Amino acid sequence: MSPTLASAPGSCCFSGVKHTGTPVGRVEDLGGIPTYISDPPAPTQKVILFLADVWGPLFVNNKLIQDYFASCGYTVLGPDYFFGDSVPNHLPDRDRQAWIDGSREPALDAFPAWLDAVKSKYGRENTKYCAVGYCFGASFVLDLCADGSVVAGALAHPAFLEESHFEKLDGPLLLSCAEVDHTFPLASRRRAEDIMVARKCTYYFQVFAGVKHGFAVRGDPAIDMQRWAKEESARGIVSWFDRFTV
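My aim in this report is to walk through the structure given alongside it, one point at a time. (Residues numbered from 1 in each chain as written. Predicted model: local features only at pLDDT ≥ 70, side-chain atom pairs only at ≥ 80, totals over all residues. Heavy atoms only, no water.)

## Some remarks on a nonpolar patch on the surface
Our working rule: What makes a patch is a set of residues exposed beyond 30% relative accessible area and free of salt bridges, joined within 9 Å when like-charged and within 5 Å when nonpolar (Val, Leu, Ile, Met, Phe, Trp, Tyr). Computed with the Shrake-Rupley method and a 1.4 Å probe, the accessible areas treat only the protein chains shown as cover for residues. The rule for a salt bridge is simple: a side-chain nitrogen of Lys or Arg has to be within 4 Å of a carboxyl oxygen of Asp or Glu. Numbered from the N terminus, helices here are DSSP runs of H or I no shorter than four residues, and strands are runs of E no shorter than two.
Side chains of Ile-223, Met-225 and Trp-228 sit close together on the surface and give an oily, nonpolar patch of about 280 Å² of accessible area. With respect to the helices and strands, Ile-223 occurs in the loop between helix H6 (215–218) and helix H7 (224–244).

Listed below in structure tokens is the structure:
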């Protein structure tokens, strides 16, 4: 078995600050998965696949991030591979570890049909797909980068990653990282970089001081460092995707 670099989601993944705002997207079924869809101001052939953390793509924070990406000129598609059973809908006494253990396989099983439906509906000769994954969603992105399904990928405070994911990487990758991250700690981050350097991958790291795992989705906007890191992470991801979708 390949060594683990980013572990399964932990206790830090179940806390954070709920943001305020009015989402502008809608929810439709794509390939059997409820999907948050946020449209750009004008028609485009640029598509972002938004692979959410354990809070799911229908959590307001994630909706607002998807809407931001859409405002930058992308059609954004966020599959709810938790089928409504994401963290915001859990009772306080929910067995979190049991839920994590039981949620991954159904998500992985449902994803290929969803991706086929996306390509059927949005695919054109000049369509360019990008993918961003937060925590739980990170491994989906690296799989997409490995098989050539996307022109670029991005991760933020990832989970569920092994060395083999980076050994198979075939495409540009941005990693948006927290200084303190028990799921993807410093040693793992450096090991991932070593693999990408050895393979001459195209990659870019953002590493933010003063923030922890989850900052890019659930950081506290009332704290200047956390607000800036969250916003800069999103800006950086858009800029990265812009490079490869011209």
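That covers the picture; the talk isn't over yet.
## Structural notes on the packing of helix H1 (residues 60–71) against H7
Counted only if it meets this: Orientation is described by axes fitted as lines to C-alpha atoms, over the contacting stretch for helices, and by angles from 0 to 180 degrees between their N-to-C directions. In this scheme, roughly parallel covers angles under 35 degrees and roughly antiparallel covers those over 145, while 65 to 115 is roughly perpendicular and the rest are oblique. It is the rotation of the near helix from the far one that decides the hand of a crossing: anticlockwise by less than a right angle makes it left-handed, clockwise makes it right-handed. Residue contacts follow a heavy-atom distance rule, with two residues in contact if any of their heavy atoms lie within 4.5 Å.
Taken N-terminus to C-terminus, the directions of H1 and H7 make an angle of 40°; their axes are 10 Å apart at the nearest point. The angle between H1 and H7 falls in the class oblique. Two packed elements cross with a definite hand, and for H1 against H7 that hand is right-handed. Of H7, the residues touching H1 (which contributes Ile-65, Tyr-68 and Phe-69) are Lys-230, Ala-234, Arg-235, Ile-237 and Val-238.

## Some details on the pairing of strand S10 (residues 203–212)
The line we're drawing: A pair of strands is treated as paired once DSSP finds two or more bridges between them. Whether a crossover is right-handed comes down to one check: with the strands pointing away from the viewer, does the path from the first strand over the helix to the second run clockwise; if it does, it is right-handed.
Pairing of strand S9 (residues 173–180) with S10 involves 7 bridges; the strand directions are parallel. Note on S10: the bridge partner recorded for Leu-173 is Tyr-203. You can see the chain leave S9, run along helix H5 (residues 186–198) and come back into S10, and the turn it takes is right-handed.

## Brief notes about the packing of aromatic side chains
One pair of aromatic rings is described through two measures. These are the centre distance and the angle between the planes. In plain terms, the rule: Between 30 and 60 degrees the pair is tilted, below 30 it is stacked and above 60 it is edge-to-face, where a pair is any two Phe, Tyr or Trp rings, Trp via its six-membered ring, whose centres lie within 6.5 Å. For a ring to carry a charge above it, either NZ of a lysine or CZ of an arginine must fall within 6 Å of the ring centroid while also lying within 35 degrees of the normal to the ring plane.
One pass over the full model with this rule turns up 19 aromatic pairs. Three or more aromatic residues joined by ring pairs make a cluster, and in this case those are Phe-14, Tyr-81, Phe-82, Trp-99, Phe-111, Trp-114, Phe-136, Phe-140 and Phe-160. Here Lys-46 stacks its cationic end above the ring of Tyr-74, 4.4 Å away from the centre of that ring. When the ring centre of Phe-160 is taken as origin, the NZ or CZ atom of Arg-104, which lies over that ring, is 4.3 Å away.

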